[in-house]
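Close look at the chain arrangement
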Amino acid sequence: MRILFVTSWFEPDSGAASARFSQLAHYLASRGHQVTVLAPMPHHPQGRIADGYRGAWTRVETRGQVRVVRVWLWASPSPRIRRRLLTQISFTIGALLRGWSLPGPDLLLVESQPMPTALAGKLLARWFRAPYVLSVSDLWPDHLLGIGAMQESHAVYRLARSVVNSLYRHARAIVTISPEWARRIAERIRPAPEMHTLLFMVDLRRLRPDLCGRDFRIRHALQDHRIVACIGTFATQYDFDILLQAARRLEPRGDLLLLLIGDGSQRDILRGPAANVRLISWLTSEDIPSAWAAADISCFALRDHELYQGTLPARLYESLASGTPVVAACAGESARIIRDSGGGIAVSPGDVAGFTDAIVQLLDDEELRQRCGRNGRAWARDNVDVEVQCLRYEQILLRAAGKEEET
């Protein structure tokens, strides 16, 4: 089967979306499918085009067995919505201009976020007269309501809502990473397309409990600390104020360090807030396993909004897979997985005291911490192994293209 991926992020970009699509593309190519990826020049999360890719309008490269067609975009590190929108629209224009000249695929797999990228995928699908499957990793533009950036009555929101509903409605199938997203889309779109939920995929060979984080600790001068790590993007759905308040409460414990590893729109509020908080810029994908191995426990907090009850962060799965117990302030799906897996402790959103107490409990109870680590790894092995998830994805794509007989 000939498959065209349309996505704003692909390796060597960092982040969950890039990892998910990159792993899937390589898996499908290894299974004999002809996979082409239409993506922008690598630019995430730094907000600038990576060295070696600047100064070109388009570039074609082969990564493994995957053909990657890249186009220029206007990259900016600014978190401002207008500048991010300019970045997205510039890729949409480039994707359409370059995409129309590509060989016609049997099927398109389109990343739904950001919306302009998904719109480019839909228009290309119409041009090729081919079906498309929409991969939904976030509910947009609902996210703008969750962070208070816009009201439902705003004309821009209503326009975006109409475009997104059309993207959902015309997809041959929709794959979400959260059952809550699937439920909300099915309620909004009647009749709903074929809906599937596939949790985030993790390479369990890369993230393992038996890895040693000693070299990472030495490289970053962390040898004398108990590390509570928050690893991943600093996106707006995360409530970093809870983490910083907990760090202040834990200052009397001189051995404890809150380690924030990543980058994103909230990075400026995290610089130098307390002596026991350390910020490390985004790591390469090769360094991520050792960072997880260096952590005693991991943590994150989601904002207290109904929308985020369906959010399932990639960092949750990576923490469980690496055998790192997790403390989270969250509700809904994330809290359910933490409790069902036995991989950590979940408290209510906004509960600073409970969040702090949970950190202390896991750090001081060696037996509990070890048990949570084992439980999390076992759950990850059963639910998010990359090979199992990719095989399920392949079946969905074959069915959407009407080629189930090829399995």
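Calculation rules
- Residues numbered from 1 in each chain as written.
- Predicted model: local features only at pLDDT ≥ 70, side-chain atom pairs only at ≥ 80, totals over all residues.
- Heavy atoms only, no water.
- Salt bridge = Lys/Arg side-chain N within 4 Å of Asp/Glu carboxyl O.
- Helix = DSSP H or I, 4+ residues; strand = E, 2+ residues; numbered from the N terminus.
- Buried < 20%, exposed > 50% of the residue type's maximum accessible area, 1.4 Å probe, protein only.
- Lys, Arg positive; Asp, Glu negative; His and termini not counted.
- Contact = heavy atoms within 4.5 Å.
- Phe/Tyr/Trp six-rings, centres within 6.5 Å; stacked < 30°, edge-to-face > 60°.
- Pairing = 2+ DSSP bridges.
- Axes fitted to C-alpha atoms, helices over the stretch in contact; angles between N-to-C directions.
- Parallel < 35°, antiparallel > 145°, perpendicular 65-115°, else oblique.
- Patch = residues over 30% accessible without salt bridge, like charges linked within 9 Å, V, L, I, M, F, W, Y side chains within 5 Å.
- Areas by Shrake-Rupley, 256 points an atom, 1.4 Å probe, with all protein chains shown as cover.
- Left-handed = near helix turned anticlockwise from the far one by under 90°.

**Considerations on the pattern of salt bridges**
Taken as a whole, this structure holds 22 salt bridges when the rule is applied. Put simply, D296 and R217 hold a salt bridge, and the shortest N to O gap is 3.1 Å. Of this pair, D296 sits in the loop between helix 9 (288–294) and strand 12 (297–301) while R217 sits in helix 7 (residues 214–219); the two residues are 79 residues apart in sequence, bridging distant segments of the chain. Comparing D296 with R217 shows no difference in burial state: the two are buried. R369 is the partner of E366 in a salt bridge, and the nearest nitrogen-oxygen pair spans 2.1 Å. Separated by three residues within a single helix, E366 and R369 lie in helix 13 (residues 366–383), roughly one turn from each other. Among the residues examined, E366 registers a relative accessible area of 41% and is labelled partly exposed.

**Digging into the side chain of R315**
The residue R315 is located in helix 10 (residues 314–321) in this model. Buried charge without a partner: R315 forms no salt bridge, and the closest opposite charge is E318, 7.6 Å away. The residues contacting R315, other than those within four sequence positions of it, are C230, I231, G232, T233, Y238, W292 and F300.

**Brief notes about the packing of aromatic side chains**
Note on aromatic pairs: each is described by the distance of the centres and the angle between the planes. Applying the stated criterion to the full structure yields six aromatic pairs. Look at F200 and Y317: their rings are 6.2 Å apart centre to centre, the planes differ by 5 degrees, and that puts the pair in the stacked class. Here Y317 lies in helix 10 and F200 lies in the loop between strand 8 (194–197) and helix 7, a separation of 117 residues in the sequence. Here F200 and Y317 have matching classes, each one buried. Measuring from ring centre to ring centre gives 6.0 Å for Y317 and W379, while their planes differ by 5 degrees; the resulting arrangement is stacked.

**Side note on the sheet that holds strand 1 (residues 2–6)**
Here eight strands make up an open sheet; going across it, the order is 3-4-2-1-5-6-7-8 and the pairing mixed. Looking along the sheet, the strands with just one partner apiece sit at the ends: strand 3 (58–63) and strand 8. Sheet twist, expressed as the mean angle between neighbouring strand axes with direction ignored, is 20 degrees. Note that strand 1 and strand 5 (residues 107–111) share four bridges and pair parallel. Residue pairing in the sheet places F5 in a bridge with L109 of strand 5. The strands that helix 2 (residues 81–99) touches are strand 2 (34–40), strand 3 and strand 4 (66–71); relative to strand 4, the one it contacts most, it runs at about 125 degrees.

**Some thoughts on the packing of helix 10 against helix 11 (residues 333–341)**
Here helix 10 crosses helix 11 at 10 degrees, and the two axes come no closer than 11 Å. Classed by the angle they form, the pair helix 10 and helix 11 counts as roughly parallel. Residues L316, Y317 and L320 of helix 10 form the contact with helix 11, whose own contacting residues are S334, I337, I338 and S341.

**Some details on the environment of G99**
Summarising the element assignment, G99 is placed in helix 2. Of the residues examined, G99 reaches a relative accessible area of 0% and is grouped as buried. As a C-alpha pair, G99 and Q266 span 167 residues in sequence and 34 Å in three-dimensional space. If sequence neighbours within four positions are ignored, G99 has contacts with L38, G94, L124 and F128.

**Overview of a nonpolar patch on the surface**
The grouping of W57, W72, W74, L85, L86, I89, I93, L97, W100 and W127 at the surface amounts to a nonpolar patch, some 1,000 Å² of accessible area in total. When residues of the nonpolar patch are assigned to their parent elements, the largest contribution, five residues, is made by helix 2. Among the structural elements, I89 can be located in helix 2. Residue I89 is classed as partly exposed on the basis of its relative accessible area, which comes to 37%.

**Here's the deal with the packing of helix 3 (residues 115–128) against helix 5 (residues 155–170)**
Their axes nearest at 10 Å, the elements helix 3 and helix 5 cross at an angle of 45 degrees. Between helix 3 and helix 5, the angle is such that the two are oblique. The way helix 3 lies across helix 5 gives a crossing that is left-handed. Of helix 5, the residues touching helix 3 (which contributes M115, A118, L119 and K122) are A160, V163, V164, S166, L167 and H170.

**A few points about unusual backbone geometry**
With an omega of 15 degrees, the peptide bond between E11 and P12 qualifies as cis. Inspection of the secondary structure puts P12 in the loop between strand 1 and helix 1 (16–30). Each neighbour pair has its own omega, and for R190 with P191 the value is -5 degrees, a cis peptide bond. Looking at the element boundaries, P191 is found in the loop between helix 6 (179–188) and strand 8. One non-glycine residue, R129, lies in positive phi territory at about 55 degrees. Take R129: its relative accessible area is 80%, and that puts it in the exposed class. With a phi close to 55 degrees, A221 is a non-glycine residue in the positive phi region. Here A221 shows up in the loop between helix 7 and strand 9 (226–231).

Note that every value here comes from positions in space, so none of it alone points to a role or purpose.
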